[in-house]
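Topology and contacts: notes
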Protein chains: 2
Amino acid sequence: MASSNDSEVRNRSRRGSGRPTLADVAGLAGVGSITVSRALRDPARVSPELRQRIAAAVDELGYVPNPSARALASARVDVIGVLVPSLTNNVFAEVLRGIHEGLGDCPLQIQFGNTHYSDEEEERLLRVFLGQRPSALIVSGIDQGPTTRQMLEEAGCPVVQIMEIGPDPVDMMVGFSHLEAGKAVARHLIDVGCKRIGFLGARMDPRSRRRLAGYEAVMREVGRFDTTLVTTTTLPSSVSMGVNLFHKALEETPDLDAVICNNDDVALGVLFACHRAGLQVPAQIRIAGFNDLEMMEVASPSITSVRTPRYEIGRRAIAMARAAIAGKRPQRTVVDLGFELKIRESTMRPAVPAL
Amino acid sequence: MASSNDSEVRNRSRRGSGRPTLADVAGLAGVGSITVSRALRDPARVSPELRQRIAAAVDELGYVPNPSARALASARVDVIGVLVPSLTNNVFAEVLRGIHEGLGDCPLQIQFGNTHYSDEEEERLLRVFLGQRPSALIVSGIDQGPTTRQMLEEAGCPVVQIMEIGPDPVDMMVGFSHLEAGKAVARHLIDVGCKRIGFLGARMDPRSRRRLAGYEAVMREVGRFDTTLVTTTTLPSSVSMGVNLFHKALEETPDLDAVICNNDDVALGVLFACHRAGLQVPAQIRIAGFNDLEMMEVASPSITSVRTPRYEIGRRAIAMARAAIAGKRPQRTVVDLGFELKIRESTMRPAVPAL
DNA sequence: AGCAGGGATGGTAGCGCTACCAACAGGCAT
DNA sequence: ATGCCTGTTGGTAGCGCTACCATCCCTGCT
């Protein structure tokens, strides 16, 4: 035990993490450090025999690669920046879940940012993210401000815009048409015989506005649009905000026979408000939500809603980003995952028409 | 325009990111690069005059520090690893929001991992995180397995366990007593005169089990415990699972006059199930939830729940982590943020006793 | 036999930053 | 004047890894 080995010397030195490095592994395996690097990154390029010796050395030392050193040397980080406008919102939690699960065991890290529905915040976060030269970016929506838009275009990495699709992608897009979804709900309520169909919206981000536009287009088509039918607020969405919006709408437009809500939280608020006021759903008033949260199906009455592919959007976004990082750009850069109108009790045509 | 400046030369070189570096800023400002480094990290140690020249150079070049290089040189990364068991769950979304907002504009990054309530997954993720030598770790719960526990103890960085408090912190803790919360709900229902109080629980993670234990302790105290009162599943929690559990409970124990749910989703399911079955709440059956989601207050009837300081837990956890990173260890390493029983219509003592 | 071509392996020189030490000036006590 | 401390600045040597090029050896061809 007279000699001290290399790593002991290393440990005593003033700098460094004290952990084994590539060079330690290389020394133990009796190969060059670059060969270890290759064996770890691209095993096919190293002979099976060396590969095994290296694997044994890695195990013995408990070697873990240093991502910072890799990033510095290769001038790229294995980080995907994800910008979403909210976390309170169940919708984006689902998207994030899809992103995380779509990642599998690949060594990418997710760097996540919450823009709080603010363009300035989005720009600020994007600047921070770009400072790290991420491998890819995933951003929510298609309505970035001009500065943000330009930053994305010059990002030098794949960019996936999610939640919505539109005509002019920065790079790639996964989502669905909120305009069409808004139209579909309005058409359905017209089909079941509603005349005075209100629209309730909280937060009113660009996607909600597009759904409202779909509603408005259909209502105008059948000559039933009326600005008093629309009740919105830019305040955050919540179940209690649904209650408030419904009360406000009824005050202004007491003859409403249906409300389309810009999301399920608002719809649930309306349901509770009706219950409290003794209004029969759907006999006296019909309710439609948006997103199809799990509870919509078991609510009493069950609530019509638009199922949106939130989880799937996350998965596809990450899949597209990974493909693009690997140089395999997907054929279609704009993917429409569609939506599905789930018709339930809350908008059933009553057996006997109400009044 | 005969000469090319330094950064043009840099751009033409085969390696590197092509972006300005500390040395470029130093050259432009006419100082040493280490001075620029100091001016950026600890401005007080650089004279005001140089500080200003450096700031101007940074602006002119659009210099952004390279975090990988910093991490490599300083042997530490400005990353806080956060492990939570779920993202679907509104509760943890709130915690994450608190963590992100508690971060403010400090240059720490959050590295987030979803353990899916699995010990193995937690261990795997922790291993990945530790490979990066994070500045701090935030983990959920106090029931880590022995391997995970040991890894945390040897992490070499501040560790905050959140959601729950217990007698034996790895390092720091922020949360509240789920046992006491469970007791409080049970006592309340006993106080309002309930005799046959059921407990419904989905997922039944350790925190839910502790709430159940609190319920059981109180029920035994008053001589009313009975295993048929408890209906649980390890399947994930959801509103529809609340419906299922309630049906199952009623089948086995038809004389239930109250149910304590292990969370608000389950409680909401029970409310819907009662509504569908024509059971009056609270006259025929009382419902208590847990977490106090925003909708509990506006539900019809409003639902009694235990307000838990989820957002605050996130904020405090990050504040404690930051303090510990800065070397200012908080006096109290275990912080009990408490809970609050919100008594609402769903557990009101009926004016006329039911039956 | 001689040589081109390709696959496997290694050496070297950074990537951009910070820790450590050295240097130097200016103020104070001796 | 000397010494010493404090505060400011700079030089240098890495941090652990990978890009680039060089080297070597083996195969198959002329």
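See the structure above.
What this report covers is the structure whose coordinates are included nearby.

Calculation criteria
- Residues numbered from 1 in each chain as written.
- Chains lettered and ligands numbered in written order.
- Predicted model: local features only at pLDDT ≥ 70, side-chain atom pairs only at ≥ 80, totals over all residues.
- Heavy atoms only, no water.
- Salt bridge = Lys/Arg side-chain N within 4 Å of Asp/Glu carboxyl O.
- Helix = DSSP H or I, 4+ residues; strand = E, 2+ residues; numbered from the N terminus.
- Buried < 20%, exposed > 50% of the residue type's maximum accessible area, 1.4 Å probe, protein only.
- Pairing = 2+ DSSP bridges.
- Axes fitted to C-alpha atoms, helices over the stretch in contact; angles between N-to-C directions.
- 1 Å grid on protein atoms, 1.4 Å probe; cavity = no way out; pocket = protein on both sides within 12 Å on 5 of 7 lines; lining within 4 Å.
- Points joined across faces, edges and corners; volume = space filled by probe spheres on them.
- Nonpolar A, V, L, I, M, F, W, Y, C, P; charged D, E, K, R; others polar.
- Near = heavy atom within 4 Å.
- Polar contact = N/O pair within 3.5 Å; in protein donor to acceptor, adjacent residues only side chain to side chain.

Time to look at the pattern of salt bridges. Residues and elements named next belong to chain A. Within the structure shown, the criterion is met by 38 salt bridges over all chains. Here Glu180 makes a salt bridge to Lys183, at a shortest N to O gap of 3.6 Å. Pair noted here: Glu180 and Lys183 are both in helix α9 (residues 178-191), with a separation of three residues, about one helical turn. A relative accessible area of 33% means that Glu180 is categorised as partly exposed.

Residues and elements named next belong to chain A. Pairing in this open sheet of six strands is parallel, and the strands run β2-β1-β3-β4-β5-β11 from one edge to the other. Strands with a single pairing partner mark the edges of an open sheet, and in this sheet they are β2 (109-114) and β11 (334-336). For this sheet, the mean angle separating the axes of adjacent strands, direction not counted, is 15°. Summarising the sheet, strand β4 (residues 159-164) and strand β5 (residues 172-176) pair through five bridges and their orientation is parallel. Among the inter-strand pairings, Gln161 is bridged to a residue of β5, identified as Met173.

A word on the pairing of strand β8 (residues 258-261) of chain B. All names here are of chain B. Covered by surrounding structure in β8 are Ala258 and Ile260 together with Val259 and Cys261, the residues of both alternating faces. The sheet contact formed by strand β6 (residues 197-201) and β8 spans four bridges and is parallel. Residue pairing for β8: Ile197 is matched across the bridge by Ala258.

Across all of its chains, the model carries five cavities of 30 Å³ or more by this definition. Looking at the largest cavity, its volume works out to about 80 Å³. Residue lining of the largest cavity: Leu96(A), His100(A), Ile110(A), Phe112(A), Leu96(B), His100(B), Ile110(B) and Phe112(B), and that is the complete set. Put simply, the parts of the chain that give the lining of the largest cavity at least two residues each are α6 (90-103) and β2 of chain A together with α6 (90-103) and β2 (109-114) of chain B. Of the residues that constitute the lining of the largest cavity, the class distribution is six nonpolar, two polar and no charged.

Around DNA strand C, the structure places 29 residues, and the nearest of them are Thr35(A), Ser47(A), Leu22(B), Ser37(B) and Tyr63(B). Among the atoms of DNA strand C lying within 4 Å of the protein, the sugar-phosphate backbone contributes 69%. Note that a phosphate oxygen of DNA strand C is positioned 2.4 Å from one of the backbone N or O atoms of Leu22(B). Between DNA strand C and the protein, one listed contact pairs a phosphate oxygen with a side-chain N or O atom of Arg70(B) at 3.2 Å.

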